[in-house]
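Architecture and fold: a report
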Amino acid sequence: MNYMKKYSLLLFMAVAAGNLFAAVNQTQSLTSYVDPRIGSGDHGHVFVGANVPFGMVNAGPTQIESGWDWCSGYHESGTKIVGFAQTHLSGTGCSDLGDIAIMPAIKELGLSRQGLATTFSHEQEEVRPGYYSIVLPESGIRTEITASQRTAMYRFTFPEGSHHHLYVDLENGVDDELLWGRLTQIDPYTYVGYRVSHGWSNVQHCYFVMRLNQKSRLYEQSTLKSKRGEGLAPIYHLQVNSPNGPLLVRIALSPVSEANAIANLNAETKGGMGENVWDFDAMRAEADAAWNRELGRVQATFTNDRDRRIFYTAMYHFMVAPQTWDDANGDWRGADNKVYRSFESTAPKQCEIIREGDATAPKASTSESPVGNSKYLTTLSLWDTYRAAAPLSTIILPEMMPAIATTYLRIFHEQGKLPVWHLMSQETNCMVGCPAVPILADALLKGYVADSLDAMEAMISSLLMDERGLDDMKKYGYVANDHHGESLSRTLEYMLADWSAAEAGKAVLKAYPDNEQLRQAVEYLDKRSHGYPQLYDKRVGFMRGKNSDGSLESLEGFNPNHQTRPFTEGNPWQYLWLVPHDVEGLMQMLGGREIALQRLDSLFMADSQLNENAQPDISGLIGQYAHGNEPSHHIAYLYALMGQPRKTAKIVKQIQRELYTDQPAGLCGNEDVGQMSAWYILSALGFYQVEPCGGRYVLGSPLVKEATLKVGDGKTFTIRTIGLSDKAINIKRAVLNGKPIQRQPVAKPRRGEEGALILNHADIMRGGTLEIYMTK
């Protein structure tokens, strides 16, 4: 080989290596940064198992223990597994689901919860997005799970020479009660069935098909009398032929029928597995690819691996819900428990109520949506998620927003009001306020609602009902404390919803200036939204419950650290600041900007002691600021709006460093269906929407070195920090597409004070670059 040939070969190899390195960087697996067990300890309540983004299926282990820390069916401290169920909640404060559990065995087991239970060890677990695996020590069976949108797939590897048994448990969910259930064998490989249960979701319908790769027979079943007297066969024992090779099981779900479950299974069989429908590894790869695709909506770099793990795990938890709750053909079970047929469905139409345009995406192509063509979603934890998860969705999930808006409007037409806390076609009415209103108003103001008048009707009608204290709002302008518990919290939540509807209405009136009925409603709600000063008790400096006769509740035994009757998962300290829609008015109520800032300082310096009756949700305390629960989440950003952004940076950084970790106890409170994670994501990117709607983001203290956000229509928005370090946490200046962002004016600023930096939603969605210059 002569010199030139040798040089050319070396050059080719070097270029090839460089190209390979670049390709590896470009296709780097973001799922490798996710640890789904973060939040499975303490009170995080996260789901641990296999799923895909926003999928109907959350397939994973259900433990024998029950109670508040087992709302998802799994906790780091659990000792035994009773089955692998196809549905689980994630991060909630109430328990339910755990539907259609299966358990493999090498011998006959007792047909009871205790009989099915088996010990396990975390050392034998492997968990990553779209995949769960564990070796059960008592049997030696390796259980692996993966998932698609409506289907779970299991691979059970039995010890060589052992018998193959499979148990199907329709009785034992997560703290619910079986009403009706059935398993029917239709051929040696296939079973269909359903589980109708009562729990947090009042009457939940879950239909399924289960297909095995080995022949089996239904050997025995248990018997049970339900509380309603029906005879049930809730636990089934299947004997499976025991050839060489693992037992593979595919289970597809439907909220509508067994037939639709079969259709869902068939529809998702074709999605990426080729002709071999039993290729577990191919389905696992598809799930991993789905997660990488959605996690890749934010490509971020950090100064350390810890922050990266926390960030991408937060992205993962944020994308567990809302969940798909319609079938592949578009059929769904409505909030009125009726079955609705899609326009595309070939099944006979039972009823149809969707208005023209309501099911049509106004902007984005549903082909790019992470939920595909789905237009009916569930697990709507709206009291939590309107604060950060919903605004974050409007930025990085623009293709999914039409499905969210359509879901809310369908539910409105089905049950006569917007959803409060919707779970599996059932309204739980959990939590206070009208939290769907700020989310729908935000979506409308950002251009994601096709029928603006329909949306306004839904919001206004929901706020003018006579239930849940809304009759008091019409009569008194507040919820009377002698009429309802949680009166103060209800009132403030209704007021911020009033404001949100009014803001949306003002925008709609520009298109319909002659709509006098809408104009009157907007004026009424706008006025009502500013009625909070009547609840302020100057004697103690806090807002308090007000009775129907106009008197404030008694001062006897008053302590602002105590949670009492007027408050929802909080106390006077935290609810003093729940006026995110009118920070200027809040400062005036407190006596001006300087006094408001002093009061804000006192919140973070107060004694953290709570009363014995305080709910455990009041957690993650810095003074009396409670990051473990949602009413506090905007408070750190109030400093910036009051002229002291350096204090916002200080508190935000303290929360990021102390209240989020990469350990199982890495969340300081319930994950709350993505809200805790969404706060972290937005704050790490450097901004937060304080107002309930409208898209004004207050800059805080970014954690990313650089982040590129996919904002739809092929556009990207890049955030780049200059000079970021552990000590350089304050923003000196921000430059958007080459132009400095001007600070908001501050009345009579003192030394060291300066206005907030505001980033508008439209600026993000146009694409471009935000350069943030950091300083100590």
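Residues numbered from 1 in each chain as written. Predicted model: local features only at pLDDT ≥ 70, side-chain atom pairs only at ≥ 80, totals over all residues. Heavy atoms only, no water.

A word on the pattern of salt bridges
Taken as a whole and assessed by the stated rule, the structure comprises 40 salt bridges. Between E126 and R284 there is a salt bridge, with the nearest N and O atoms lying 3.8 Å from each other. Placement of the pair is E126 in strand β5 (residues 125-128) and R284 in helix α4 (residues 280-295), with a sequence separation of 158 residues. A relative accessible area of 25% means that R284 is categorised as partly exposed. The salt bridge involving E258 is made with R182; its shortest N-O contact spans 2.8 Å. Here R182 lies in strand β10 (residues 177-187) and E258 lies in helix α3 (residues 258-269), a separation of 76 residues in the sequence. Assessed through its relative accessible area of 16%, E258 is described here as buried. On the accessibility criterion, R182 (33% relative accessible area) is partly exposed. Overlapping salt bridges, with partners in common, bring together R142, E144, R155 and D281 in one network. (Salt bridge = Lys/Arg side-chain N within 4 Å of Asp/Glu carboxyl O. Helix = DSSP H or I, 4+ residues; strand = E, 2+ residues; numbered from the N terminus. Buried < 20%, exposed > 50% of the residue type's maximum accessible area, 1.4 Å probe, protein only.)

Concerning the sheet that holds strand β23 (residues 380-381)
If you trace the 3 strands from one edge of the open sheet to the other, you get β23-β24-β25, paired in antiparallel fashion. With one partner strand each, in any of the chains shown, β23 and β25 (426-427) form the two edges of the open sheet. Sheet topology note: the β23/strand β24 (residues 421-423) ladder contains 2 bridges and is antiparallel. Looking at the pairing, L380 lines up with H422 of β24. (Pairing = 2+ DSSP bridges.)

Observations concerning the nonpolar core
Grouped together as the largest cluster of nonpolar side chains are 215 residues, with contacts concentrated most on M210, F311 and M459. Of the residues forming this core, the biggest block, 12 residues, is contributed by helix α12 (residues 487-511). Once residues lying within four places of it in the same chain are set aside, the contact partners of M210 are I102, L166, V168, Y189, T190, Y191, L238, V249, R250 and I251. (Core = buried A, V, L, I, M, F, W, Y, C linked by side-chain atoms within 4.5 Å. Contact = heavy atoms within 4.5 Å.)

Some thoughts on α4
For α4, with 16 residues, the first-to-last C-alpha span of 22 Å sits near the 22 Å given by 1.5 Å per residue. Buried-residue contacts for α4 involve β6 (131-136), β7 (141-147), β8 (151-157), β17 (247-254), β18 (298-301) and α5 (305-318). N-cap assignment for α4: the residue whose side-chain oxygen lies 3.3 Å from the backbone N of D281 is D279. (Expected span 1.5 Å × (residues − 1). Polar contact = N/O pair within 3.5 Å; in protein donor to acceptor, adjacent residues only side chain to side chain.)

Here we look at the pairing of β5
Only one face of β5 is covered, namely the one carrying E125 and V127; the face carrying E126 and R128 has none of its residues buried. As judged from the 4 bridges shared by β5 and β6, these two strands associate in the antiparallel manner. Bridging across to β6, E125 finds its partner in I134. Between β5 and β6, which pair antiparallel in sequence order, lie 2 residues; one of them, G130, sits at a positive phi of approximately 80°.

As for the pairing of strand β32 (residues 706-712)
Sheet analysis places β18 next to β32, joined by 4 bridges and oriented antiparallel. Across the sheet, residue V298 finds its bridge partner in β32, namely L709. By the bridge criterion, 6 bridges tie β32 to strand β33 (residues 715-722) in an arrangement that is antiparallel. Of the residues in β33, the one forming a bridge with L709 is F717. Between β32 and β33, which pair antiparallel and follow one another directly, the connecting turn spans 2 residues, one of which, D713, has a positive phi of 55°.

Side note on the packing of aromatic side chains
Two numbers describe a pair of aromatic rings. These are the distance of the centres and the angle of the planes. With the rule as written, the count across this model stands at 20 aromatic pairs. Where F311 meets Y312, the ring centres are 5.2 Å apart and the plane angle is 85°; that geometry is what we call edge-to-face. Residue class for F311 comes out buried when judged on its relative accessible area of 0%. An aromatic cluster is defined as three or more aromatic residues linked by ring pairs; in this entry it consists of Y33, F302, F311 and Y312. Note that R284 overlies the ring of Y131, its terminal NZ or CZ placed 3.6 Å from the centroid. (Phe/Tyr/Trp six-rings, centres within 6.5 Å; stacked < 30°, edge-to-face > 60°. Lys NZ or Arg CZ within 6 Å of the ring centre and 35° of its normal.)

Structural notes on the packing of helix α9 (residues 436-445) against α12
Running from N to C, α9 and α12 point in directions that differ by 25°, and their axes come no closer than 8 Å. With respect to α12, the element α9 is oriented roughly parallel. In this structure, α9 meets α12 at a crossing whose hand is left-handed. Contact residues: α9 offers V437, P438, A441, L444 and L445, while α12 offers L496, A497, S500, A501, E503, A504, A507 and V508. (Axes fitted to C-alpha atoms, helices over the stretch in contact; angles between N-to-C directions. Parallel < 35°, antiparallel > 145°, perpendicular 65-115°, else oblique. Left-handed = near helix turned anticlockwise from the far one by under 90°.)

A look at the confidence of the model for the chain
When pLDDT is low, close inspection of the predicted coordinates is not appropriate. Here the chain shows a mean pLDDT of 92. Residues at 70 or above account for 91%. Low pLDDT, under 50, characterises residues 1-26; the predicted model gives this stretch 2 contacts beyond four residues in sequence or across chains. Low pLDDT (under 50) marks residues 344-367, which in the prediction has 53 contacts with non-local residues, meaning those over four places away or in another chain. (pLDDT = per-residue confidence, 0-100.)

Focus: the sheet that holds β10
One open sheet holds the 8 strands; their spatial order is β5-β6-β7-β8-β17-β12-β11-β10, and the pairing between them is antiparallel. Of all the strands in the sheet, the pair left with one neighbour each is β5 and β10. Here the strands of the sheet are splayed against their neighbours by 15° on average, with no regard to which way each runs. Both strand β12 (residues 204-212) and β17 contribute to a ladder of 6 bridges, which runs antiparallel. In the sheet register, M210 faces β17, and the bridge partner there is I251. Its contacts with the sheet place α4 against β5, β6, β7, β8 and β17, and it is angled at close to 50° to β7.

Quick word on the environment of G39
Its location among the elements puts G39 in the loop between α1 (3-26) and β1 (60-63). A relative accessible area of 0% means that G39 is categorised as buried. Through-space distance from the C-alpha of G39 to that of P664 is 5.0 Å; in sequence the pair is 625 residues apart. Residues contacting G39, with those up to four places away along its chain left out, are G44, H45, V46, Q663, P664, G666 and L667.

A short note on unusual backbone geometry
The step from A321 to P322 runs through a cis peptide bond, and the omega angle for that step is 5°. As for its position among the elements, P322 is in the loop between α5 and β19 (323-324). Positive phi values are uncommon outside glycine, yet R468 reaches one of about 55°. Assignment of secondary structure puts R468 in the loop between α10 (452-463) and α11 (470-476).

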